[in-house]
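The chain contents come next:
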Amino acid sequence: MSGFFDFNRVDGGPTLYAANKTPVTVDVLEVGFIFAIAILAFSFLVILPGVRGMQRISFALKVFFSIFVLAVIMLGNFGMEWEVSEVETGVQYKAFHNEEIHAKIGVKIGLRGANITLKGDGPHLNSETIDYNERFWWGGERQWTQGRNFFGPFAGLVNREFREAQFKGLPYPILWIAEYFTLDGESIRWGRSYRLSGFYTHIMLWTAFPLWILTNILFCMFIRYGAYFMMLTGAVMLLGNILFASLRWGPELKIPIGTTIMTFHYGWCFWLTLAVGLIIVILGAIILFIDLRLPDLTGAFFGVESDPDEYYTVEGELTTGTVDIRDPGPGRVLSLVMFDRGPGGATVCDFAVARSLASRSSPD
(Lines give C-alpha, C1' and ligand atoms only; values in the text may rest on other atoms or scores of the structure.)
Protein backbone atom coordinates (compact mmCIF):
# COMPACT_ATOMS: atom_id res chain seq x y z
CA MET A 1 0.00 0.00 0.00
CA SER A 2 2.93 2.35 0.45
CA GLY A 3 3.43 2.49 -3.30
CA PHE A 4 -0.20 3.57 -3.76
CA PHE A 5 0.12 6.50 -1.34
CA ASP A 6 3.49 7.55 -2.78
CA PHE A 7 1.91 8.46 -6.12
CA ASN A 8 3.16 11.88 -7.38
CA ARG A 9 5.17 12.40 -4.18
CA VAL A 10 8.84 13.28 -4.06
CA ASP A 11 10.89 12.24 -1.00
CA GLY A 12 7.78 11.87 1.10
CA GLY A 13 6.56 15.41 0.39
CA PRO A 14 3.01 16.40 -0.49
CA THR A 15 1.43 15.33 -3.73
CA LEU A 16 2.47 17.56 -6.64
CA TYR A 17 0.64 17.71 -9.94
CA ALA A 18 2.03 19.14 -13.13
CA ALA A 19 0.66 22.44 -14.40
CA ASN A 20 -2.39 21.98 -16.59
CA LYS A 21 -1.95 24.66 -19.23
CA THR A 22 -5.12 25.17 -21.22
CA PRO A 23 -5.65 27.62 -24.10
CA VAL A 24 -7.72 30.74 -23.63
CA THR A 25 -10.99 30.25 -25.49
CA VAL A 26 -13.11 33.20 -24.30
CA ASP A 27 -12.63 36.65 -22.82
CA VAL A 28 -13.43 36.20 -19.14
CA LEU A 29 -14.31 39.87 -18.62
CA GLU A 30 -16.76 39.94 -21.54
CA VAL A 31 -18.39 36.70 -20.42
CA GLY A 32 -18.67 38.10 -16.89
CA PHE A 33 -20.48 41.21 -18.12
CA ILE A 34 -22.81 39.10 -20.25
CA PHE A 35 -23.69 36.88 -17.28
CA ALA A 36 -24.26 39.91 -15.03
CA ILE A 37 -26.59 41.53 -17.57
CA ALA A 38 -28.38 38.21 -18.11
CA ILE A 39 -28.94 37.83 -14.35
CA LEU A 40 -30.31 41.38 -14.17
CA ALA A 41 -32.65 40.75 -17.11
CA PHE A 42 -33.82 37.45 -15.61
CA SER A 43 -34.59 39.19 -12.31
CA PHE A 44 -36.96 41.60 -14.06
CA LEU A 45 -38.39 38.72 -16.08
CA VAL A 46 -39.36 36.97 -12.84
CA ILE A 47 -41.38 39.97 -11.60
CA LEU A 48 -42.97 40.61 -15.01
CA PRO A 49 -46.06 38.43 -14.34
CA GLY A 50 -46.87 40.71 -11.40
CA VAL A 51 -47.52 43.66 -13.72
CA ARG A 52 -51.16 43.88 -14.75
CA GLY A 53 -52.81 44.28 -18.13
CA MET A 54 -51.26 46.19 -21.00
CA GLN A 55 -48.75 47.79 -18.65
CA ARG A 56 -46.87 44.50 -18.77
CA ILE A 57 -45.90 45.10 -22.41
CA SER A 58 -44.71 48.68 -21.86
CA PHE A 59 -42.85 47.63 -18.69
CA ALA A 60 -41.06 44.81 -20.55
CA LEU A 61 -40.10 47.07 -23.45
CA LYS A 62 -38.72 49.79 -21.19
CA VAL A 63 -36.81 47.49 -18.86
CA PHE A 64 -35.23 45.17 -21.42
CA PHE A 65 -34.30 47.99 -23.78
CA SER A 66 -32.68 49.85 -20.89
CA ILE A 67 -30.71 46.74 -19.87
CA PHE A 68 -29.68 46.15 -23.48
CA VAL A 69 -28.29 49.68 -23.87
CA LEU A 70 -26.49 49.35 -20.53
CA ALA A 71 -24.92 46.09 -21.73
CA VAL A 72 -23.80 47.69 -25.00
CA ILE A 73 -22.12 50.57 -23.14
CA MET A 74 -20.21 48.24 -20.82
CA LEU A 75 -19.25 45.70 -23.49
CA GLY A 76 -18.17 48.48 -25.82
CA ASN A 77 -16.03 49.95 -23.05
CA PHE A 78 -14.26 46.72 -22.10
CA GLY A 79 -14.61 44.69 -25.30
CA MET A 80 -11.57 43.77 -27.41
CA GLU A 81 -13.20 43.77 -30.86
CA TRP A 82 -13.03 47.40 -31.96
CA GLU A 83 -10.65 46.42 -34.77
CA VAL A 84 -9.92 42.85 -35.81
CA SER A 85 -7.83 40.92 -38.31
CA GLU A 86 -7.23 37.24 -38.93
CA VAL A 87 -5.06 35.39 -41.43
CA GLU A 88 -3.95 31.82 -42.04
CA THR A 89 -0.41 31.39 -43.34
CA GLY A 90 2.90 29.63 -42.97
CA VAL A 91 5.24 31.41 -40.59
CA GLN A 92 8.43 30.89 -38.61
CA TYR A 93 7.59 29.57 -35.16
CA LYS A 94 10.51 30.66 -32.99
CA ALA A 95 13.64 32.69 -33.36
CA PHE A 96 16.77 30.76 -34.49
CA HIS A 97 14.56 27.96 -35.84
CA ASN A 98 14.15 27.57 -39.59
CA GLU A 99 11.12 25.31 -39.38
CA GLU A 100 7.85 26.95 -40.37
CA ILE A 101 4.38 26.11 -39.13
CA HIS A 102 0.98 26.57 -40.71
CA ALA A 103 -1.11 28.54 -38.24
CA LYS A 104 -4.07 30.82 -37.84
CA ILE A 105 -3.10 34.25 -36.48
CA GLY A 106 -5.64 36.71 -35.11
CA VAL A 107 -5.42 40.22 -33.64
CA LYS A 108 -8.19 41.95 -31.70
CA ILE A 109 -7.72 45.59 -30.75
CA GLY A 110 -9.72 47.14 -27.92
CA LEU A 111 -9.66 50.46 -26.12
CA ARG A 112 -7.05 49.34 -23.58
CA GLY A 113 -4.87 46.86 -25.45
CA ALA A 114 -4.47 44.26 -28.16
CA ASN A 115 -5.12 40.52 -28.01
CA ILE A 116 -2.93 38.28 -30.24
CA THR A 117 -3.71 34.63 -30.86
CA LEU A 118 -1.63 31.92 -32.57
CA LYS A 119 -3.17 28.52 -33.25
CA GLY A 120 -1.23 25.88 -35.17
CA ASP A 121 -2.72 23.12 -37.30
CA GLY A 122 -1.86 19.92 -35.45
CA PRO A 123 1.24 19.13 -33.33
CA HIS A 124 4.56 20.71 -34.27
CA LEU A 125 8.13 20.69 -32.99
CA ASN A 126 8.35 17.59 -30.84
CA SER A 127 4.55 17.11 -30.74
CA GLU A 128 3.97 20.50 -29.15
CA THR A 129 0.42 21.81 -29.42
CA ILE A 130 0.61 25.44 -30.54
CA ASP A 131 -2.26 27.44 -29.04
CA TYR A 132 -1.24 30.85 -27.69
CA ASN A 133 -3.28 33.84 -26.59
CA GLU A 134 -1.42 36.90 -25.33
CA ARG A 135 -2.69 40.36 -24.40
CA PHE A 136 -0.60 43.53 -24.50
CA TRP A 137 -1.92 46.56 -22.63
CA TRP A 138 -1.27 50.20 -23.47
CA GLY A 139 -3.84 51.68 -21.11
CA GLY A 140 -6.21 50.93 -18.31
CA GLU A 141 -6.22 51.22 -14.56
CA ARG A 142 -2.44 50.89 -14.34
CA GLN A 143 -1.29 53.49 -16.86
CA TRP A 144 -2.61 55.60 -19.74
CA THR A 145 0.51 57.69 -20.39
CA GLN A 146 2.77 57.24 -23.39
CA GLY A 147 5.99 56.89 -21.43
CA ARG A 148 9.50 57.15 -22.80
CA ASN A 149 10.80 55.42 -25.89
CA PHE A 150 12.55 52.06 -25.81
CA PHE A 151 12.02 49.48 -23.07
CA GLY A 152 13.32 50.86 -19.78
CA PRO A 153 11.44 51.16 -16.46
CA PHE A 154 9.97 54.54 -17.54
CA ALA A 155 8.83 53.32 -20.94
CA GLY A 156 5.22 52.93 -21.92
CA LEU A 157 3.19 50.01 -20.66
CA VAL A 158 3.06 48.19 -23.99
CA ASN A 159 6.85 48.53 -24.41
CA ARG A 160 7.53 47.00 -21.02
CA GLU A 161 5.10 44.15 -21.63
CA PHE A 162 6.73 43.51 -25.00
CA ARG A 163 10.13 43.19 -23.32
CA GLU A 164 8.67 40.77 -20.76
CA ALA A 165 7.24 38.71 -23.62
CA GLN A 166 10.72 38.54 -25.19
CA PHE A 167 12.20 37.24 -21.93
CA LYS A 168 9.41 34.64 -21.71
CA GLY A 169 10.31 33.40 -25.17
CA LEU A 170 6.91 33.74 -26.80
CA PRO A 171 6.53 32.55 -30.40
CA TYR A 172 8.01 34.75 -33.10
CA PRO A 173 4.69 35.70 -34.81
CA ILE A 174 3.28 37.13 -31.55
CA LEU A 175 6.40 39.20 -30.92
CA TRP A 176 6.46 40.36 -34.54
CA ILE A 177 2.91 41.75 -34.29
CA ALA A 178 3.32 43.23 -30.81
CA GLU A 179 6.45 45.12 -31.88
CA TYR A 180 4.37 47.26 -34.24
CA PHE A 181 2.62 48.83 -31.22
CA THR A 182 5.93 49.74 -29.54
CA LEU A 183 7.26 51.91 -32.39
CA ASP A 184 6.88 55.65 -31.85
CA GLY A 185 8.74 57.87 -34.27
CA GLU A 186 8.12 59.90 -37.41
CA SER A 187 4.76 58.75 -38.83
CA ILE A 188 5.02 55.25 -37.35
CA ARG A 189 2.93 55.79 -34.21
CA TRP A 190 0.33 53.05 -34.24
CA GLY A 191 0.66 52.38 -30.51
CA ARG A 192 0.22 56.06 -29.67
CA SER A 193 -2.77 56.32 -32.04
CA TYR A 194 -4.63 53.40 -30.51
CA ARG A 195 -3.80 54.52 -26.99
CA LEU A 196 -5.16 58.05 -27.51
CA SER A 197 -8.24 56.93 -29.44
CA GLY A 198 -8.94 54.27 -26.83
CA PHE A 199 -8.51 56.76 -23.98
CA TYR A 200 -10.97 59.34 -25.34
CA THR A 201 -13.44 56.69 -26.49
CA HIS A 202 -13.49 55.04 -23.08
CA ILE A 203 -14.06 58.47 -21.50
CA MET A 204 -17.09 58.98 -23.77
CA LEU A 205 -18.50 55.56 -22.91
CA TRP A 206 -18.00 56.15 -19.19
CA THR A 207 -19.84 59.46 -19.66
CA ALA A 208 -22.68 57.67 -21.45
CA PHE A 209 -23.11 55.29 -18.50
CA PRO A 210 -24.36 57.86 -15.90
CA LEU A 211 -26.27 59.72 -18.62
CA TRP A 212 -28.22 56.56 -19.38
CA ILE A 213 -28.92 56.04 -15.66
CA LEU A 214 -30.24 59.62 -15.45
CA THR A 215 -32.32 58.99 -18.58
CA ASN A 216 -34.12 56.10 -16.90
CA ILE A 217 -34.71 58.16 -13.77
CA LEU A 218 -36.07 61.14 -15.72
CA PHE A 219 -38.43 58.95 -17.72
CA CYS A 220 -40.08 58.14 -14.40
CA MET A 221 -40.54 61.86 -13.64
CA PHE A 222 -40.38 64.17 -16.68
CA ILE A 223 -40.74 62.52 -20.07
CA ARG A 224 -39.43 65.46 -22.06
CA TYR A 225 -36.24 65.75 -20.01
CA GLY A 226 -35.79 61.99 -20.31
CA ALA A 227 -35.96 62.34 -24.10
CA TYR A 228 -33.34 65.11 -23.97
CA PHE A 229 -30.96 62.95 -21.94
CA MET A 230 -31.66 59.96 -24.18
CA MET A 231 -30.53 61.91 -27.23
CA LEU A 232 -27.53 63.21 -25.25
CA THR A 233 -26.52 59.64 -24.34
CA GLY A 234 -26.67 58.54 -27.97
CA ALA A 235 -24.71 61.61 -29.08
CA VAL A 236 -21.94 60.84 -26.57
CA MET A 237 -21.72 57.24 -27.82
CA LEU A 238 -21.52 58.44 -31.42
CA LEU A 239 -18.82 60.91 -30.42
CA GLY A 240 -16.83 58.00 -28.98
CA ASN A 241 -17.04 56.20 -32.33
CA ILE A 242 -15.94 59.33 -34.18
CA LEU A 243 -12.95 59.81 -31.87
CA PHE A 244 -11.86 56.19 -32.25
CA ALA A 245 -12.03 56.37 -36.04
CA SER A 246 -10.43 59.81 -36.43
CA LEU A 247 -7.49 59.85 -33.98
CA ARG A 248 -4.85 58.33 -36.24
CA TRP A 249 -1.29 59.23 -37.24
CA GLY A 250 0.59 58.09 -40.26
CA PRO A 251 -0.30 55.28 -42.65
CA GLU A 252 -2.88 52.59 -42.12
CA LEU A 253 -1.71 49.66 -40.00
CA LYS A 254 -0.84 46.69 -42.23
CA ILE A 255 1.35 43.90 -40.87
CA PRO A 256 3.17 41.62 -43.35
CA ILE A 257 3.52 38.18 -41.84
CA GLY A 258 4.48 34.97 -43.57
CA THR A 259 3.15 34.99 -47.09
CA THR A 260 0.25 37.38 -46.44
CA ILE A 261 -0.54 40.84 -45.01
CA MET A 262 -2.80 41.49 -42.04
CA THR A 263 -5.30 44.31 -42.72
CA PHE A 264 -7.62 45.55 -40.02
CA HIS A 265 -11.32 46.38 -40.12
CA TYR A 266 -13.83 47.51 -37.50
CA GLY A 267 -15.17 44.79 -35.23
CA TRP A 268 -18.55 44.21 -33.62
CA CYS A 269 -17.82 46.52 -30.66
CA PHE A 270 -17.46 49.50 -33.00
CA TRP A 271 -20.52 48.71 -35.10
CA LEU A 272 -22.73 47.81 -32.14
CA THR A 273 -21.87 51.03 -30.31
CA LEU A 274 -22.48 53.03 -33.48
CA ALA A 275 -25.82 51.37 -34.21
CA VAL A 276 -27.15 51.68 -30.66
CA GLY A 277 -26.03 55.31 -30.47
CA LEU A 278 -27.96 56.12 -33.66
CA ILE A 279 -31.03 54.22 -32.43
CA ILE A 280 -31.01 56.09 -29.12
CA VAL A 281 -30.76 59.50 -30.80
CA ILE A 282 -33.58 58.71 -33.25
CA LEU A 283 -35.76 57.13 -30.58
CA GLY A 284 -35.24 60.09 -28.24
CA ALA A 285 -36.26 62.51 -31.00
CA ILE A 286 -39.41 60.44 -31.71
CA ILE A 287 -40.37 60.37 -28.02
CA LEU A 288 -39.82 64.13 -27.77
CA PHE A 289 -42.00 64.78 -30.85
CA ILE A 290 -44.82 62.54 -29.59
CA ASP A 291 -44.65 64.11 -26.13
CA LEU A 292 -45.06 67.57 -27.67
CA ARG A 293 -47.98 66.49 -29.88
CA LEU A 294 -49.64 63.71 -27.89
CA PRO A 295 -48.59 64.05 -24.25
CA ASP A 296 -51.35 61.73 -23.05
CA LEU A 297 -49.97 58.90 -25.19
CA THR A 298 -46.43 59.14 -23.82
CA GLY A 299 -47.81 59.63 -20.31
CA ALA A 300 -49.80 56.41 -20.60
CA PHE A 301 -46.81 54.46 -21.96
CA PHE A 302 -44.34 55.65 -19.30
CA GLY A 303 -46.92 55.79 -16.53
CA VAL A 304 -46.16 59.45 -15.88
CA GLU A 305 -48.55 62.38 -15.85
CA SER A 306 -47.96 65.55 -17.84
CA ASP A 307 -44.89 67.58 -16.97
CA PRO A 308 -45.66 69.99 -14.11
CA ASP A 309 -43.61 72.80 -15.63
CA GLU A 310 -45.88 72.88 -18.71
CA TYR A 311 -49.23 73.51 -17.08
CA TYR A 312 -51.16 72.90 -13.90
CA THR A 313 -54.63 71.43 -13.84
CA VAL A 314 -57.24 72.47 -11.30
CA GLU A 315 -60.84 71.43 -11.02
CA GLY A 316 -63.69 73.78 -10.22
CA GLU A 317 -66.34 76.09 -11.60
CA LEU A 318 -64.06 78.62 -13.30
CA THR A 319 -64.68 80.93 -16.21
CA THR A 320 -62.36 82.28 -18.85
CA GLY A 321 -60.61 85.50 -17.96
CA THR A 322 -57.75 87.13 -16.08
CA VAL A 323 -57.66 87.74 -12.38
CA ASP A 324 -55.13 90.07 -10.76
CA ILE A 325 -54.11 89.38 -7.18
CA ARG A 326 -51.89 91.97 -5.64
CA ASP A 327 -49.25 91.15 -3.08
CA PRO A 328 -48.89 93.29 0.03
CA GLY A 329 -45.69 94.64 -1.45
CA PRO A 330 -45.90 97.67 -3.75
CA GLY A 331 -46.03 96.90 -7.42
CA ARG A 332 -45.90 93.05 -7.26
CA VAL A 333 -48.73 91.51 -9.32
CA LEU A 334 -49.68 87.83 -9.57
CA SER A 335 -51.59 87.13 -12.83
CA LEU A 336 -53.61 83.95 -13.29
CA VAL A 337 -54.49 83.37 -16.95
CA MET A 338 -57.25 80.75 -17.32
CA PHE A 339 -58.28 79.02 -20.53
CA ASP A 340 -61.67 77.38 -20.97
CA ARG A 341 -61.37 73.75 -22.11
CA GLY A 342 -64.93 72.51 -21.57
CA PRO A 343 -67.69 72.98 -24.13
CA GLY A 344 -70.48 73.67 -21.63
CA GLY A 345 -68.73 75.64 -18.94
CA ALA A 346 -65.19 75.42 -17.63
CA THR A 347 -64.61 72.42 -15.41
CA VAL A 348 -60.89 71.98 -16.04
CA CYS A 349 -58.70 75.01 -16.59
CA ASP A 350 -55.04 75.59 -17.20
CA PHE A 351 -53.44 78.65 -15.74
CA ALA A 352 -50.01 80.14 -16.18
CA VAL A 353 -48.46 82.11 -13.39
CA ALA A 354 -46.58 85.25 -14.32
CA ARG A 355 -45.06 87.86 -12.06
CA SER A 356 -44.37 91.42 -13.09
CA LEU A 357 -42.52 94.11 -11.20
CA ALA A 358 -44.34 97.11 -12.61
CA SER A 359 -43.80 100.25 -10.65
CA ARG A 360 -47.00 101.96 -9.62
CA SER A 361 -47.37 105.27 -7.93
CA SER A 362 -50.06 104.17 -5.51
CA PRO A 363 -51.60 100.75 -4.99
CA ASP A 364 -55.41 100.42 -5.36
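What you are looking at is a predicted structure, and each value in this text was computed from that prediction instead of being measured.

Caption draft 1: Up close: the overall build of the protein chain. Each helix and strand counted, the protein chain has 9 helices and 11 strands in total. With 364 residues in all, the protein chain has 38% of them scored as buried. The long-range fraction of contacts in the protein chain, counting pairs at least 24 apart against all pairs at least 6 apart in sequence, stands at 62%. Accessible surface for the protein chain amounts to roughly 21700 Å². Of this, 63% is attributable to carbon and sulfur atoms.

Caption draft 2: Just a nonpolar patch on the surface, in detail. A cluster of nonpolar residues, Phe-42, Leu-45, Val-46 and Ile-47, forms a patch on the protein surface that exposes about 400 Å² of accessible area. Relative to the elements of secondary structure, Ile-47 occurs in helix H2 (residues 28-47). Looking at Ile-47, the relative accessible area reads 47%, which means it is partly exposed.

Caption draft 3: Representation of the nonpolar core. Ranked by size, the top nonpolar core spans 32 residues in total, and within it Ile-177 and Phe-181 carry the most contacts. Those elements giving two or more residues to this core turn out to be strand S1 (83-92), strand S2 (100-109), strand S3 (113-124), strand S4 (128-137), helix H4 (157-168), helix H5 (172-179), helix H6 (190-219) and strand S5 (254-257). Take this core: its biggest share by element is 5 residues, from S2. Setting aside anything within four residues of it in sequence, one finds Phe-181 in contact with Ile-109, Ala-114, Trp-138, Val-158, Gly-191, Tyr-194 and Leu-253. Counting 26 residues, the second largest nonpolar core, distinct from the first, contains Ile-73, Phe-219, Val-276 and Ile-287.

Caption draft 4: A look at H4. Its 12 residues give H4 an end-to-end C-alpha distance of 17 Å, which sits within 8% of 16 Å, the value for a rise of 1.5 Å per residue. Where H4 is concerned, the buried positions are Leu-157, Val-158, Asn-159, Glu-161, Phe-162 and Ala-165. Directly after H4, the chain includes Gly-169, whose backbone phi takes a positive value near 75 degrees.

Caption draft 5: Inspection of the packing of H6 against helix H7 (residues 223-246) at higher detail. In contact at an axis separation of 8 Å, H6 and H7 are set at 170 degrees when each is read in the N-to-C sense. Here H7 runs roughly antiparallel to H6, going by the angle between their axes.

Caption draft 6: How the structure looks around the packing of H4 against H5. Across the interface, H4 lies against H5 with an axial gap of 10 Å and an inter-helix angle of 165 degrees. In terms of orientation, H4 and H5 fall into the roughly antiparallel class. When you trace H4 past H5, the crossing you get is left-handed. Contacts from Phe-162, Ala-165 and Gln-166 of H4 reach H5 at Leu-175, Ala-178 and Glu-179. In terms of residue class, the contact of H4 with H5 is made up of 4 nonpolar, 1 polar and 1 charged.

Caption draft 7: Seen up close, the pattern of salt bridges. One pass over the structure, following the stated rule, counts 7 salt bridges. A salt bridge links Arg-248 to Glu-83; the shortest N-O distance between them is 2.9 Å. Here Arg-248 is found in the loop between H7 and S5, whereas its partner Glu-83 is found in strand S1, with 165 residues between them in sequence. The exposure class assigned to Arg-248 is partly exposed, which follows from its relative accessible area of 29%. A salt bridge links Asp-184 to Arg-192, with the shortest nitrogen-to-oxygen separation between them at 2.8 Å. Using a relative accessible area of 16% as the deciding quantity, one classes Asp-184 as buried. What you see here is one network of salt bridges that share partners, running through Asp-184, Arg-189 and Arg-192.

Caption draft 8: Up close: the environment of Asn-216. Considering the arrangement of structural elements, one finds Asn-216 in helix H6. A polar atom in the side chain of Asn-216 sits 2.6 Å from the side chain of Ser-66.

Caption draft 9: Molecular detail of the packing of aromatic side chains. Tallied over the full model, the rule gives 20 aromatic pairs. Taking the centre distance of 5.8 Å and the plane angle of 85 degrees together, the rings of Phe-78 and Trp-206 count as edge-to-face. On the criterion of sequence distance, the pair formed by Phe-78 in helix H3 (residues 55-78) and Trp-206 in helix H6 is long-range, its members being 128 residues apart. The exposure class assigned to Phe-78 is buried, which follows from its relative accessible area of 16%. Overall, Trp-206 belongs to the partly exposed group, its relative accessible area being 35%. With a centroid separation of 5.4 Å and an interplanar angle of 40 degrees, the aromatic rings of Trp-138 and Phe-181 are classed as tilted. With a gap of 43 residues between them, Trp-138 in the loop between S4 and H4 and Phe-181 in the loop between H5 and H6 connect regions that are remote in the sequence.

Caption draft 10: Main features of the pairing of strand S6 (residues 260-263). Note: S5 against S6, 4 bridges, orientation antiparallel. Bridging across to S6, Pro-256 finds its partner in Ile-261. Connecting the antiparallel pair S5 and S6 is a turn made up of 2 residues, with Gly-258 showing a positive phi of about 65 degrees.

Caption draft 11: Focus on the side chain of Ser-193. Here Ser-193 is to be found in helix H6. Ignoring sequence-local partners within four residues, the contact set of Ser-193 consists of Leu-247, Arg-248 and Trp-249.

Reading the values: rules and limits
Residues numbered from 1 in each chain as written. Predicted model: local features only at pLDDT ≥ 70, side-chain atom pairs only at ≥ 80, totals over all residues. Heavy atoms only, no water. Helix = DSSP H or I, 4+ residues; strand = E, 2+ residues; numbered from the N terminus. Buried < 20%, exposed > 50% of the residue type's maximum accessible area, 1.4 Å probe, protein only. Contact = heavy atoms within 4.5 Å. Areas by Shrake-Rupley, 256 points an atom, 1.4 Å probe, with all protein chains shown as cover. Patch = residues over 30% accessible without salt bridge, like charges linked within 9 Å, V, L, I, M, F, W, Y side chains within 5 Å. Salt bridge = Lys/Arg side-chain N within 4 Å of Asp/Glu carboxyl O. Core = buried A, V, L, I, M, F, W, Y, C linked by side-chain atoms within 4.5 Å. Expected span 1.5 Å × (residues − 1). Axes fitted to C-alpha atoms, helices over the stretch in contact; angles between N-to-C directions. Parallel < 35°, antiparallel > 145°, perpendicular 65-115°, else oblique. Left-handed = near helix turned anticlockwise from the far one by under 90°. Nonpolar A, V, L, I, M, F, W, Y, C, P; charged D, E, K, R; others polar. Polar contact = N/O pair within 3.5 Å; in protein donor to acceptor, adjacent residues only side chain to side chain. Phe/Tyr/Trp six-rings, centres within 6.5 Å; stacked < 30°, edge-to-face > 60°. Pairing = 2+ DSSP bridges.

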